[in-house]
Amino acid sequence: MPPEAPLEPPAGLQHLFSPEGDVAMSQALAQRPLLAFDFDGTLAPIVPHPDDARIAPAVAERLQALMRRLPVAIVTGRAVDDVRGRLGFEPSYVVGSHGAEDALDPQASAAYAQALDALRTLLRVQRPALDECGVWVEDKRQSIALHYRQSPERERAQALILELLSWREDEVLRIFPGKMVVNVMAREAPDKAHAMQALVARSGVRCALFAGDDVNDEPVFISAPPHWLTVRIGRDARPTQARFYLDSPAETALMLERLLARLA
């Protein structure tokens, strides 16, 4: 069987390791930006089971070195406590549950968690059907993820998830897909774009570099001012509003190395 042809990025989207990308990195670093990263699929490769995801020690070392020069944030779909143990370093900021979990605003975070209580009850009732389809429910308090990567019948599992959630996609909940997962959070909860704007203000900078790989990172790409540097991780034809792309988390590690070299 011939090897599969490499996936092509969306038309017009340039690789960060290009002359244009080099200029964009230099311009961003000149503004002393906040450096912000998604976790899964960006700093750590996607793995069959989310519990196995970790940042490579070399990547953690580069992030720690960058923190001596610039603020570094992790903006992830995971819960804050969950992701902290997978990093290998302590970032300046961590925001979890796609923007809904902010340790500096526990009252709001608690309200976003409470908005999911009715869904939690439904999922407990429907647990036998979910188990039969191979759906794993991950409750992160401020968001709930329904994973079907391990399901032997992914289309059936996804259809069951969407059927169960259809009655709740209203003024109360926001439902959005990811890579072999369906995410649910309170509709009024902030997304990653709101989280990034808040982090930029909190850190006292004007510019940010943000790298992410999934649908829930697109709000950041869409809302980013022109002087921000936005990078989509993953070479495929999915449309994106990011300015540049990298092929994989392995190239994210190379980007960190180049950032360090430029700062030095």
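Q: Pulling in residues and values, what's your account of the packing of aromatic side chains?
A: Summed over all chains, the structure comprises one aromatic pair. Looking at Arg258, its charged tip hangs above the ring of Phe17, at a distance of 3.9 Å from the centre.

Q: A description of the packing of helix H1 (residues 19-30) against helix H10 (residues 249-263) should follow, citing residues and the corresponding values.
A: Packing of H1 against H10 brings their axes to within 11 Å, and their N-to-C directions diverge by 55°. Considering their axes alone, H1 and H10 lie oblique with respect to each other. Remark: the crossing between H1 and H10 carries right-handed chirality. Between H1, through Asp22, Met25, Ser26 and Leu29, and H10, the contact on the second element is made entirely by Arg258, Leu259, Arg262 and Leu263. Considered class by class, the residues forming the contact of H1 with H10 number four nonpolar, one polar and three charged.

Q: Talk me through the sheet that holds strand E4 (residues 93-96); I want residue IDs and the actual numbers.
A: What links the strands of a sheet is backbone hydrogen bonding, and the strands pair in either a parallel or an antiparallel sense. Judged by pairing direction, the sheet is mixed, and its eight strands sit side by side in the order E1-E12-E11-E10-E2-E3-E4-E5 without closing on themselves. With partners counted over all chains shown, the strands left at the sheet margins are strand E1 (14-15) and strand E5 (101-102), one partner each. Of the pairings in the sheet, the one linking strand E3 (residues 72-75) to E4 comprises three bridges and is parallel in character. Looking at the pairing, Ala73 lines up with Tyr93 of E4.

Q: Lay out the pairing of strand E6 (residues 136-139) with the relevant residues and their values.
A: On a regular strand, one side chain projects to one face of the sheet and the next to the other, so that they alternate. Sheet topology places E6 next to strand E7 (residues 143-147); four bridges connect them, and they run antiparallel. Residue pairing in the sheet places Asp139 in a bridge with Ile144 of E7. In this antiparallel pair of consecutive strands, E6 and E7, the connection spans three residues, and Arg141 shows a positive phi of 70°.

Q: So what's going on with the nonpolar core? Which residues, and what values?
A: Within the largest apolar cluster, 58 residues are counted, with the highest numbers of intra-cluster contacts made by Phe37, Leu63, Met196 and Met255. A per-element tally of this core places H10 first, with six residues. Leave out the neighbours within four places in its chain, and Met196 touches Leu34, Ala36, Val75, Ala208, Phe210, Val220 and Trp228. Within the second largest apolar cluster, 19 residues are counted, among which are Leu119, Ile161, Leu173 and Ile175.

Conventions we followed
Residues numbered from 1 in each chain as written. Predicted model: local features only at pLDDT ≥ 70, side-chain atom pairs only at ≥ 80, totals over all residues. Heavy atoms only, no water. Phe/Tyr/Trp six-rings, centres within 6.5 Å; stacked < 30°, edge-to-face > 60°. Lys NZ or Arg CZ within 6 Å of the ring centre and 35° of its normal. Axes fitted to C-alpha atoms, helices over the stretch in contact; angles between N-to-C directions. Helix = DSSP H or I, 4+ residues; strand = E, 2+ residues; numbered from the N terminus. Parallel < 35°, antiparallel > 145°, perpendicular 65-115°, else oblique. Left-handed = near helix turned anticlockwise from the far one by under 90°. Contact = heavy atoms within 4.5 Å. Nonpolar A, V, L, I, M, F, W, Y, C, P; charged D, E, K, R; others polar. Pairing = 2+ DSSP bridges. Core = buried A, V, L, I, M, F, W, Y, C linked by side-chain atoms within 4.5 Å. Buried < 20%, exposed > 50% of the residue type's maximum accessible area, 1.4 Å probe, protein only.

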